[in-house]
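Chains, contacts and geometry: an overview
Listed below are the residues making up each chain.
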Amino acid sequence: MIPNHCGWMMINILFQSSLVEGCRLPVRMQGGDDWPLAEIISVKEVKGSKCYYVHYVDFNKRLDEWVTEERLDTRKVQFPRRDVPSQAGGTGTPKKLGGGNSLSRPASPPGGPEMQLNGSAVLAAALQKKISRKRKGISLESEDSQDASGPASTTGPASCPRSTGSMVAHHDDVVTRMKNVEMIELGRHRIRPWYFSPYPQEMVHLQCIYICEFCLKYRKSRKCLERHLAKCNLRHPPGNEIYRKGRISFFEIDGRKNKAYAQNLCLLAKLFLDHKTLYYDTDPFLFYVMTDFDSRGFHIVGYFSKEKESTEDYNVACILTMPPYQRKGYGKLLIEFSYELSKFEGKTGSPEKPLSDLGLLSYRSYWAQTILDFLVNVKPVGDNEKPQITINEICELTSIKKEDVISTLQNLNLINYYKGQYIITLSEETVAAHQRAMERRKIRIDPKCLHWTPKDWSKRAKW
Ligand code: ACO
Ligand code: ZN
């Protein structure tokens, strides 16, 4: 029997109330007519209508969003099974590359490390810190206290997830899985965050957080920021400027000496880094902030953090290009700089794992170009002889760790086994494509402009 109009309405209302967290159904993605499968993470009511926070199952979490009912295809709902844990945004879901709101995404490179969701650890850390501060009788909630005693952040450097345990309940986990900041203003840029970051509660429900682009302190309104700017006399990041060429500079910041700045940088970075846990303790890290100079000052473009001492030969802990500067070659410039530091240290290095989808793409591209550049330029020993090189020589010259050199050569399909020997064969197409790619890489690091001596942190009593 076909139900009458009222019957349909009833069914519809009943249906919507059964759309709970964990339900999966096709949802229309923003800015297009694609209806990929999505999982409901959270439901809220705004002025009498329901809104759903959804995660697109096969896409990166940065595309998660609040949607209204008309974007749900309620004919094809899969209800959560009680015995199967939800996978939205978790490690079990196959990830595809997503960039902003673009709908044409290449698939994740095969065999790459999977991203890990570690939001619960972030919140657990935040809560723990808050509790310990309250015990000490310090309240960091107000803006003024931020000026007095460092940021109200409950965080240290964004770093790789370590054993954190599951200290928070399911509800908290849902909280950290959802973007909590609507918008930030940083210098002349307005940026929509990608992921959760533990900014203080009173900041996250605002339409926009206003951040001083030089000291990275955050304010509730433009007026408050203007008041701050009148007092703030920084026009560049703190620390030492260790590199300058043209408009590009790098500043080295010690997480122990410039704690407030380091913590605010981590808090800001977490908005765009999903698979990293925030730590309160910035002491063991150095931060390398890259800036672009103009008459108003040195504007932050991106940064990477680095452990003062790494037992695993990591030369980068976290790396980020601010979204307005992304896809212009700055990510590779940051990576190139990190390897330049390793060359000065006389070591090979590798980025901390896991890498994000965009991190993996950028590193693979950097490794491929750097290794090919080396191979293309190797000179044969004698006339008519083939150049002889070893993997170790590639590592020594580029500071790229052996595993990364081997995986790059394999990915590029350059290694062949021939008459009992491993040989590297470069086709003319490979060389031509490489030369074209290098011509596109306009900005490069010039080692002559780096004024830096590595410190041996193991010899210091305390960082
Ligand atoms: N879609 C497809 N390809 C992309 C995208 C994208 N959205 N973004 C970058 N790439 C590719 C570029 O095409 C380029 O490769 P190519 O030269 O072979 O074409 C390569 O990645 C690097 O591009 P850059 O312009 O040099 O890098 P960018 O300035 O965009 O920065 C970065 C890359 C740092 C990874 C940036 O995307 C970012 O900050 N992402 C958010 C934070 C993050 O994921 N960081 C890495 C975490 S892993 C870790 O911290 C160790
Ligand atoms: Zn400031």
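These numbers come from a predicted model, not from an experiment.

So, about the pattern of salt bridges. Per the stated rule, a full pass over the model turns up 23 salt bridges. For the salt bridge of R244 with E241, the shortest nitrogen-to-oxygen distance reads 2.7 Å. Classification of E241 by relative accessible area gives partly exposed; the value is 33%. Notably, a salt bridge pairs K259 with D283, separated by 2.9 Å at the nearest N-O pair. Taken as a pair, K259 in helix α7 (residues 259–270) and D283 in the loop between β12 (277–278) and β13 (285–294) lie far apart in primary sequence, 24 residues in all. By relative accessible area, which is 14% here, D283 ends up buried. What you see here is one network of salt bridges that share partners, running through D73, R75 and K76.

Another point: the side chain of K308. Note that K308 resides in the loop between β14 (297–307) and β15 (314–316). Under the relative-accessibility criterion, K308 is labelled buried at 8%. For K308, the side chain forms a polar contact with the main-chain oxygen of D283, separated by 2.6 Å.

All right, on to the packing of helix α9 (residues 357–376) against helix α11 (residues 402–411) then. Following both chains from N to C, one finds α9 and α11 inclined at 85 degrees, their axes separated by 10 Å at the closest point. Between α9 and α11, the angle falls in the class roughly perpendicular. Note on element contacts: α11 touches α9 through D404, V405, T408, L409 and N411, opposite R364, W367, A368, I371 and L375. Broken down by class, the residue content of the contact of α9 with α11 amounts to six nonpolar, two polar and two charged.

As recorded in UniProt, the feature "active site" (unreviewed entry) lies at E352. Structurally, E352 is set in the loop between β17 (350–351) and α9.

On the basis of which strands lie adjacent, the open sheet formed by four strands has the order β1-β2-β3-β4 and antiparallel pairing. Each of the sheet's edge strands pairs with one partner strand only, and the pair in question is β1 (24–26) and β4 (65–68). Sheet twist, expressed as the average angle between the axes of neighbouring strands with direction ignored, equals 50 degrees. Two elements, strand β2 (residues 37–46) and strand β3 (residues 49–56), share eight bridges in a ladder whose sense is antiparallel.

Our next topic: the coordination of the zinc ion (ligand 2). The reference angle at a metal is 109.5 degrees if four donors form a tetrahedron and 90 or 180 degrees if six donors form an octahedron. Donor atoms from the polypeptide that coordinate the zinc ion (ligand 2) comprise C212 (SG), C215 (SG), H228 (NE2) and C232 (SG), at 2.1 to 2.4 Å from the metal. Each of the four donor atoms bound to the zinc ion (ligand 2) contributes to angles spanning 96 to 119 degrees, and the resulting shape is tetrahedral. Expressed as a motif, the donor residue spacing for the zinc ion (ligand 2) is C-x2-C-x12-H-x3-C. The class of C215 is buried, set by a relative accessible area of 11%.

Here we come to the nonpolar core. The biggest cluster of nonpolar side chains holds 74 residues, and the ones touching the most others in it are Y199, F250 and F337. A per-element tally of this core places α9 first, with eight residues. Beyond its immediate sequence surroundings of up to four residues, Y199 is in contact with V181, V204, I209, I211, Y218, L267, L268 and L271. Counting residues in each nonpolar core, the second largest holds 15 residues, with C23, A38, I40 and V77 among its members.

Here is what the cut-offs are and how they apply
- Residues numbered from 1 in each chain as written.
- Chains lettered and ligands numbered in written order.
- Predicted model: local features only at pLDDT ≥ 70, side-chain atom pairs only at ≥ 80, totals over all residues.
- Heavy atoms only, no water.
- Salt bridge = Lys/Arg side-chain N within 4 Å of Asp/Glu carboxyl O.
- Buried < 20%, exposed > 50% of the residue type's maximum accessible area, 1.4 Å probe, protein only.
- Helix = DSSP H or I, 4+ residues; strand = E, 2+ residues; numbered from the N terminus.
- Polar contact = N/O pair within 3.5 Å; in protein donor to acceptor, adjacent residues only side chain to side chain.
- Axes fitted to C-alpha atoms, helices over the stretch in contact; angles between N-to-C directions.
- Parallel < 35°, antiparallel > 145°, perpendicular 65-115°, else oblique.
- Contact = heavy atoms within 4.5 Å.
- Nonpolar A, V, L, I, M, F, W, Y, C, P; charged D, E, K, R; others polar.
- UniProt positions renumbered as here; feature names shortened; annotations may be inferred.
- Pairing = 2+ DSSP bridges.
- Donors = N, O, S within 2.8 Å, 3.2 Å for Na, K, Ca; no water.
- Tetrahedral: all angles 85-135°; square planar, octahedral: opposite > 155°, others 65-115°.
- Core = buried A, V, L, I, M, F, W, Y, C linked by side-chain atoms within 4.5 Å.

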